[in-house]
Every structure is written in structure tokens, then in C-alpha cells.
Amino acid sequence: MILSCLHDIRILFTSLALFCAAIVNASPSLPHAYLRQVEFPAIDTSHLNILNPYPDKPRLTFSSSGTFKLTVFSDLHYGENPWDDWGPQQDVNSTRLMRRVLSSEKPDYVVLNGDLITGENTFRENSTTLIDRIVAPLNEAKIPFSSTQGNHDNEQNITHLEEIRREQRDSYLSYTRTAPPGIGGEGGEGTYWVPIYENATDLTPALILWFFDSRGGWSPGSTSTPLPDWVDASVAGWIERETAAMEAGWDSVEKRERGALAFVHIPPHAIENVQKTLNTTTSPGLNADTLSQGSTQATSNPSSAGKDQPFWDALNTNIKNLHAVISGHDHGDEWCAREPSKDVIFCFDKHSGYGGYSSAGWGHGVRNIVFPSADPASGLETWILLEDGQTRARVTLDENYGR
């Protein structure tokens, strides 16, 4: 009976899609990227609420050409040195970069991968207003997006939760969510997933984007103390439960393989060993930050060593067709490589913001990622794009990469 009803619903929404497409063709003055996000209504999956986390938002889909392009901005570090002329100018430069990249690349989706703000430099009375400035170029370009938060987003005058709530208030295009109660640990509210459909009328998604909160930084208030710098162990059980629910719910309606891509600001601790044997020919790109204490999860304090292992194990055990894990944090690195213990590809972002530490010749830019199709067996194309239009470190992430 349920499958029969779903079949009828699918026919109904196919008809609605055709009707909306006619409206789109009659409205050429509106931006195509925006139309693609709003032209089809969301399919009601109220019988499986956990599998429809955005009942009030448009469905996110692959483009009409069958591809899906993400642009990743990382370590924007807005709000640095607000007490002098240098600091505010860096925010102006970062906003210019965002607008240039969004205009030239026209991505289907944007990820802000942590350290949106240099929280230790902010004032309590205006810290969240920096989020307004960060999302403004995305609102102008009408591009949907999600964010993770980084260690600099948890400080005495700002928290991950406050940033998320401000972002949600600022933009209907934000797909950032908070984790369920009890998941993520102190300061780690930003763990969630986003479904991407091949077509707006499909019953199940073709791709899942996963976002994990690696915490770090400091607790808020006058008695501020250091926060753990790893994805909390509670997330491991959550991953297991979420993936089990996806398989039980979606597979009962439509059998299909789904791809996955994961974002977390601080790299897992296992990546430190990857750098030690890095082949810079097959893993091109800047490799200027030596990974050491504080560079990866659970390494700021030697007593915390290995505490991100439950997350790392659960991620790689339960999430099928995981194309790659993407991190920022270490501004001088921008390479991809295969992590051998889990046989998974890891990539660094590109330092985007003019705030935060840098060095001559590093430049500022983004990581682009293109899915050539919704088939999870297809390799991803990814490369670093600098603000001036130069590209480097272009690789194809497929089953042969790094082997």
C-alpha cells in the first residue's frame, strides 16, 4: 500500500515539475541557479521524518547537465584585529574574493569549512554580526550553502551554536543544522547531513554531504576554558544510527547506490602520518604546514591522543561510497592523498580568507569539487583555484587515486 501511494505521489510531483518548468521558461530574467533550487516543491516524506530534514526548503539537485559542483571556502577568519585599519581591510579582501569566485565559478553548492571568524579578536556585543557579512555574497548570488565551525569559532565571545543560529536567521539558503540533543559534546553542535537528489522528483537522494563538528577553541564567558579538539565520541553512535535509518527507509522505497562526501574543519589525527610519506607528484599542491601538535584532532594535549578514533572508525565503517574527507585548519596545505589505514581519500582545503596566518607565495583561494554524474562509481574532479584565476593541484579522486 505504501509503495502504491508513493508511486501516485511521484506521478503527481512529476506533473508539478513539468508545470513549474514551464514557469521557469517563461521567466528568463531570474537567475538560473536560483530557479533550479525553487522551481520544484519538496516531496512529502512525513512517514520518514528523519529522512527529510528540510521539509520547508527546496530540494537540492544535480544540475540539468547531470553534474554537481561544490566550491569550498575555508578559514575565512573574519573579524581579525578590529581595533586597527589592517584587520577590517582583510575582511574587505575576503569578501572581494568570495564575490569573484562565486561570479566566475557559479557553483551548485558552497561549503564554508570552518574558522569563519577569528573569535578571540571579537567583542561580545557584535561578534555574530560578522556572520551577516560572510553570508551576504552567498545571498546575493542566490547559492545554497552549509557550514562547519572551527576552533576559532569557539571563543570567549562567540560559540558554534551562536554562529549557526545567526546564519540560519540571515539566510534561507543556509542548510546548516544543529545536531540532536546529546550529540557532539560541549561546543560541538554543528554535526548534520544534507541530501542531494539527482532529480527533484526522485524519491531518494543520490549523494549525502556530511558535516562534522571538530570543536576546539575555548568555552564562552569570563571563566573560559579549553574545549576538546576532536569530534566527540557520541557522534560515532549517531553515524551508525543515521546510516541504518537511511538504508532501512530509502532502500525500502528505491534501491540505489548513494555517494558521500564528508567535511570536518580539523583533520583527523590519522592524516599526520599520511604527510610523512606524501608523494608530491601524485599528491600535488602546497605542502608548507608540517602537521604536529594541534594540527590534527586530539593532539593539542598529549593526554587526548586517539580520542577522535571512535569518530574515524564509525565514519569509515558506516558511510558507504565515501569519496573523500575534506578539512581546513592548516592554512599551508592543499593536497589530497589516500589514508591507508581506512583506504579513504583525504583532501585539504585552500585557505580562503585574508585573515588568519599565511606566508608569502601561499595565496588565497578555494577548492572546487565536481561530480561528473550521480553515479557513485564516477571519480570526482577537484582542484585549487586562486583568486587571480590560476589553478593548481588538479586531480581525479577515483578508486585508483593514491594506490
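Above this note sits the structure.
Residues numbered from 1 in each chain as written. Predicted model: local features only at pLDDT ≥ 70, side-chain atom pairs only at ≥ 80, totals over all residues. Heavy atoms only, no water.

**Q** Just to check I follow, could you spell out the packing of helix H3 (residues 86-105) against helix H4 (residues 129-141) for this structure?
**A** In a pair of packed helices, the angle between the axes and the distance between the axes together describe the arrangement. With their axes 9 Å apart at the nearest point, H3 and H4 run at an angle of 20° to one another. It follows that H3 is roughly parallel to H4 by the angle criterion. Relative to H4, the crossing made by H3 is right-handed. Here Asp91, Thr95, Met98, Arg99 and Leu102 of H3 come into contact with H4, specifically with Leu130, Arg133, Ile134, Pro137, Leu138, Glu140 and Ala141. Residue composition of the contact of H3 with H4, grouped by class: 7 nonpolar, 1 polar and 4 charged. (Axes fitted to C-alpha atoms, helices over the stretch in contact; angles between N-to-C directions. Helix = DSSP H or I, 4+ residues; strand = E, 2+ residues; numbered from the N terminus. Parallel < 35°, antiparallel > 145°, perpendicular 65-115°, else oblique. Left-handed = near helix turned anticlockwise from the far one by under 90°. Contact = heavy atoms within 4.5 Å. Nonpolar A, V, L, I, M, F, W, Y, C, P; charged D, E, K, R; others polar.)

**Q** For this particular structure, what's the right way to read helix H8 (residues 309-318)?
**A** One turn of an α-helix holds 3.6 residues; hence residues three or four places apart share an orientation. Among the residues of H8, Phe311, Trp312, Ala314, Leu315, Asn316 and Asn318 are the ones counted as buried. Against strand S5 (207-212), helix H6 (234-250), strand S6 (259-264), strand S7 (322-327), strand S8 (336-339) and strand S9 (344-348) lie the buried residues of H8. (Buried < 20%, exposed > 50% of the residue type's maximum accessible area, 1.4 Å probe, protein only.)

**Q** Just checking my understanding: could you explain the nonpolar core for this structure?
**A** Inside soluble globular proteins, nonpolar side chains tend to come together where they are buried. Core analysis: the biggest nonpolar cluster contains 34 residues, and Trp210, Phe212, Ile239, Leu315 and Val325 have the highest contact counts within it. If you list the elements that add at least two residues to this core, you get S5, H6, S6, helix H7 (271-276), H8, S7 and S9. The element best represented in this core is H6, accounting for 6 residues. In this view, leucine 315 contacts Phe212, Ile239, Ala262, Leu322 and Val325; residues no more than four positions away in its chain are not counted. Tyr54, Val194, Leu209 and Ile326 belong to the second-largest nonpolar core, a separate cluster that totals 30 residues. (Core = buried A, V, L, I, M, F, W, Y, C linked by side-chain atoms within 4.5 Å.)

**Q** So what exactly am I meant to see when it comes to the state of the cysteines here?
**A** As used here, a disulfide is simply a covalent bond connecting the sulfur atoms of two cysteines. Using the criterion set out here, one finds 1 disulfide in the structure. One disulfide bridge connects cysteine 336 with cysteine 347, the sulfur atoms lying 2.0 Å from each other. Taking the torsion about the S-S bond as the criterion, the cysteine 336 to cysteine 347 disulfide, at about 115°, is right-handed. Of this pair, cysteine 336 sits in strand S8 while cysteine 347 sits in strand S9, and the two are 11 residues apart along the sequence. Of the two residues, cysteine 336 and cysteine 347, neither departs from the other in class, the shared state being buried. (Disulfide = S-S within 2.5 Å.)

**Q** Looking at this structure, I do not really get the packing of aromatic side chains. What am I missing?
**A** Each aromatic ring pair is described using two quantities: the centre-to-centre distance and the angle formed by the ring planes. This structure, assessed with the given rule, holds 16 aromatic pairs. For the ring pair tyrosine 357 and tryptophan 362, a centre distance of 6.1 Å and an interplane angle of 75° mean the geometry is edge-to-face. Judged by relative accessible area, tryptophan 362 falls into the buried class, the value being 11%. Three or more aromatic residues joined by ring pairs make a cluster, and in this case those are Tyr54, Phe62, Phe68, Tyr109, Tyr175 and Phe371. (Phe/Tyr/Trp six-rings, centres within 6.5 Å; stacked < 30°, edge-to-face > 60°.)

**Q** Which parts of the structure should I look at to understand the pairing of strand S11 (residues 380-386)?
**A** Side-chain positions along a regular strand alternate between the two faces of the sheet. By the criterion of burial, S11 is predominantly enclosed, with 6 of the 7 residues buried. Relative to S11, strand S10 (residues 365-371) is paired through 6 bridges, and the arrangement is antiparallel. Its bridge partner lying in S11, asparagine 368 is registered against tryptophan 383. By the bridge criterion, 5 bridges tie S11 to strand S12 (residues 391-397) in an arrangement that is antiparallel. Among the inter-strand pairings, glutamate 381 is bridged to a residue of S12, identified as threonine 396. From the end of S11 to the start of S12, which pair antiparallel, there are 4 residues, and glycine 389 there has a positive phi angle of about 100°. (Pairing = 2+ DSSP bridges.)

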